[in-house]
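Now for the letters of each chain:
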Amino acid sequence: MQWLPDAADAESPLKPAELQVLRAQYEKEGEYVSLQTKFNYAWGLIKSTTRPEQQEGVRLLSDIFRASPDRRRECLYYLALGNYKLGNYAEARRYNDSLLELEGGNLQAQSLRQLIDDRVAKEGLMGVAIVGGLAAAAAVGVGMLVRGSQRKR
């Protein structure tokens, strides 16, 4: 099995100069960019802290995933990681689950699954709290309107 970094590794972005090296190589190869160069650049972009670069990284990996069946397993983890960082948890889970079907003992994928599940639970609870707060505010507002209309009579 090939070494894959821990999910926490994606949270530490490359230095701008390091990403620039990957970008320069990618641009230098132009229309005939190798899969490895494209993959390396996508990996660097996913590690970025800026959303547009993360999105571009996911786009490049999606291209590799579609065009190169022999590189799909390698792309699954990074597609899951990139989508996780972008907040696309359903997509992240789908890619990660596909990797776990191929490699059930993959510790990085297991770690990422836990991160995805934790984030979904956390954001789900925040969503429930927001909806609950809005419902309570609406009930108070309706109550005030009803009370106000009864006083006018």
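Right, let's walk through the structure included here. (Residues numbered from 1 in each chain as written. Predicted model: local features only at pLDDT ≥ 70, side-chain atom pairs only at ≥ 80, totals over all residues. Heavy atoms only, no water.)

### Section: the pattern of salt bridges
Applying the stated criterion to the full structure yields nine salt bridges. Two residues, E53 and R23, come together in a salt bridge whose shortest N-O distance is 3.2 Å. With E53 in helix α3 (residues 51-67) and R23 in helix α1 (residues 16-29), this pair connects stretches of sequence that are 30 residues apart. A salt bridge links R66 to D63, with the nearest nitrogen and oxygen atoms 2.8 Å apart. On the criterion of helical spacing, the pair formed by R66 and D63 is a turn pair, its members being three residues apart in helix α3. (Salt bridge = Lys/Arg side-chain N within 4 Å of Asp/Glu carboxyl O. Helix = DSSP H or I, 4+ residues; strand = E, 2+ residues; numbered from the N terminus.)

### Digging into the side chain of R23
Judged by its relative accessible area of 19%, R23 falls in the buried class. Those residues in contact with R23, other than ones at most four positions away along the chain, are Y41, L45 and E53. (Buried < 20%, exposed > 50% of the residue type's maximum accessible area, 1.4 Å probe, protein only. Contact = heavy atoms within 4.5 Å.)

### Points about helix α2 (residues 35-46)
Here α2 spans 16 Å end to end across twelve residues, near enough to the 16 Å set by a 1.5 Å rise per residue. Where α2 is concerned, the buried positions are T37, K38, F39, Y41, A42, G44, L45 and I46. Where α2 is buried, its residues touch α1, α3 and α4 (72-86). (Expected span 1.5 Å × (residues − 1).)

### Here we look at the packing of α2 against α4
Packing of α2 against α4 leaves a shortest axis separation of 10 Å and a crossing angle of 25 degrees. One element, α2, and the other, α4, form an angle in the roughly parallel class. The interaxial crossing formed by α2 with α4 has left-handed handedness. When α2 is examined against α4, the residues F39, W43 and I46 are found in contact with a partner set consisting of E74, C75, Y78, G82 and K85. (Axes fitted to C-alpha atoms, helices over the stretch in contact; angles between N-to-C directions. Parallel < 35°, antiparallel > 145°, perpendicular 65-115°, else oblique. Left-handed = near helix turned anticlockwise from the far one by under 90°.)

### As for the packing of α2 against α3
Put simply, α2 and α3 touch, their axes get as near as 7 Å, and they point 150 degrees apart. The angle between α2 and α3 falls in the class roughly antiparallel. α2 and α3 meet at a crossing whose hand is left-handed. In contact with L35, K38, F39, Y41, A42, L45 and I46 of α2, α3 contributes E53, Q54, E56, G57, V58, L60, L61, D63 and I64. Here the contact of α2 with α3 is built from residues that sort into ten nonpolar, two polar and four charged. (Nonpolar A, V, L, I, M, F, W, Y, C, P; charged D, E, K, R; others polar.)

### Examining the nonpolar core
Y41, L61, Y78 and L112 are the most contacted members of the largest nonpolar core, which totals 30 residues. Elements with a contribution of two residues or more to this core: α1, α2, α3, α4, α5 (89-102) and α6 (107-151). (Core = buried A, V, L, I, M, F, W, Y, C linked by side-chain atoms within 4.5 Å.)

### A few points about the packing of aromatic side chains
For the structure on display, the rule yields five aromatic pairs. Clustering of aromatic rings is evident, with ring pairs tying together F39, Y77 and Y78. (Phe/Tyr/Trp six-rings, centres within 6.5 Å; stacked < 30°, edge-to-face > 60°.)

### Concerning the environment of Q25
For Q25, the position within the fold is in helix α1. Taking the relative accessible area as the measure of exposure, Q25 reaches 32% and is therefore partly exposed. The sequence separation of Q25 and T37 amounts to twelve residues, and the corresponding C-alpha distance is 7.0 Å. Separated by 2.6 Å, the side chains of Q25 and E29 make a polar contact. (Polar contact = N/O pair within 3.5 Å; in protein donor to acceptor, adjacent residues only side chain to side chain.)

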